[in-house]
Amino acid sequence: MSKHVAGSGEWSRRLRAATPLDLASLDTGATPGALDKDAAQADFDGTARTLAKLQEKLFADSLAGSGRSVLLVLQGMDTAGKGGVVKRVAGPMDPQGLTHHAFKKPTAEELAHPFLWRVEKQLPAPGQIGVFDRSHYEDVLVPRVHESISSEELVSRYAAINDFEQRLVDGGTTIVKVMLHLGRDEQKNRLLRRLDRSDKHWKFSPADVDDRALWPLFQDAYEVAIGATNTDAAPWHVVPADHKWYSAFAVQQLLAEVLGALDLTWPPASYDVDAERARLLAS
């Protein structure tokens, strides 16, 4: 672990099961565990090399029959920086060991199935690090805000998510769930910057402004969803997201800690190393 990081409690808020969440009490501009941006960048570069090696071990482990994988779940309001976190954290890793999916509004085909059906199809295979840029939590957050399903159905979905994630963990997948906690004022600034730049207009949607009017409802939806699905098997982490450099740094540190805890080793050779060396030298 970096000398500037004292553990997950420093640079993210890992929530304890059954602990009520009050997002308004958490500083979205905080940078706990990081001395400053330059120090965090130095640590980031070092951890990037560590992550790449750990990812390679995870992939090699799967070729030897291991079923372990990692799933990084990123949630947050519009402009919270999910895509940027993915680019920065996953960028130095080997693409063959990565999967990525961003869940959008369900299609007609997806709506014809149980809500987790489309998620099952995108899960990482053994040896893979999967990234969900938006996830199955869209199917409880948006419906709660827009009241498109009943309260009973919402409760049923929370339970289904808990069962689903427990099954993944039991099957060898480590789940890292992160809410990028963005401040409303910072979101406004980021949306304005998109309107100020013609090369960013494609990233702007009028619906983003519509959703801002529902900010309190979305904050409430996050608090309820996180509270209902924050389990020992798959705990939530809340990361301050007003500073893009910091949110990428914090998520990277979380992922490195999780992979390091797997105690990965290189799989032993399935052949006689000395014999193969002798054959090669003689060829």
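Preceding block: the structure.
Criteria and cut-off values
- Residues numbered from 1 in each chain as written.
- Predicted model: local features only at pLDDT ≥ 70, side-chain atom pairs only at ≥ 80, totals over all residues.
- Heavy atoms only, no water.
- Helix = DSSP H or I, 4+ residues; strand = E, 2+ residues; numbered from the N terminus.
- Buried < 20%, exposed > 50% of the residue type's maximum accessible area, 1.4 Å probe, protein only.
- Salt bridge = Lys/Arg side-chain N within 4 Å of Asp/Glu carboxyl O.
- Contact = heavy atoms within 4.5 Å.
- Core = buried A, V, L, I, M, F, W, Y, C linked by side-chain atoms within 4.5 Å.
- Polar contact = N/O pair within 3.5 Å; in protein donor to acceptor, adjacent residues only side chain to side chain.

(A) Just the environment of Gln 41, in detail. For Gln 41, the position within the fold is in helix H2 (residues 37-63). The exposure class assigned to Gln 41 is partly exposed, which follows from its relative accessible area of 33%. For the pair Gln 41 and Tyr 246, spaced 205 residues apart in sequence, the C-alpha to C-alpha distance is 9.1 Å.

(B) Highlighting the pattern of salt bridges. This structure, assessed with the given rule, holds 15 salt bridges. Across the salt bridge formed by Glu 56 and Lys 53, the nearest N and O atoms sit 3.8 Å from each other. One end of the pair is Glu 56 and the other is Lys 53, both in helix H2 and three residues apart, which spans about a single turn. Classification of Lys 53 by relative accessible area gives partly exposed; the value is 43%. Asp 61 is paired through a salt bridge with Arg 68; the nearest N and O atoms lie 2.8 Å apart. For Arg 68, a relative accessible area of 26% puts it in the partly exposed group.

(C) Highlighting the side chain of Lys 82. Secondary-structure assignment places Lys 82 in helix H3 (residues 82-90). The contacts of Lys 82, once residues within four sequence positions are left out, are Leu 74, Gln 75, Gly 76, Met 77, Asp 133, Arg 134 and Leu 180.

(D) Inspection of the nonpolar core at higher detail. Val 70, Leu 74, Val 89, Val 178, Leu 180, Val 251 and Leu 259 are the most contacted members of the largest nonpolar core, which has 36 residues in total. For this core, the secondary structure elements donating two or more residues are H2, strand E2 (69-76), H3, strand E4 (129-133), strand E5 (173-181) and helix H11 (244-261). It is H11 that contributes the most residues to this core, 11 residues altogether. With sequence-adjacent residues up to four places away left out, Leu 180 is seen in contact with Gln 75, Gly 76, Met 77, Ala 80, Gly 81, Lys 82, Val 85, Val 239, Ala 241, Ser 247 and Val 251. Counting 31 residues, the second-largest nonpolar core is a separate cluster that includes Leu 23, Phe 103, Tyr 137 and Ala 234.

(E) Here's a closer look at helix H12 (residues 273-282). Taking burial as the measure, the 10 residues of H12 include zero buried ones, a minor fraction of the element. In this structure Asp 272 caps H12, since a side-chain oxygen of it lies 3.1 Å from the backbone nitrogen of Asp 274.

This is a description of form; function is not addressed.
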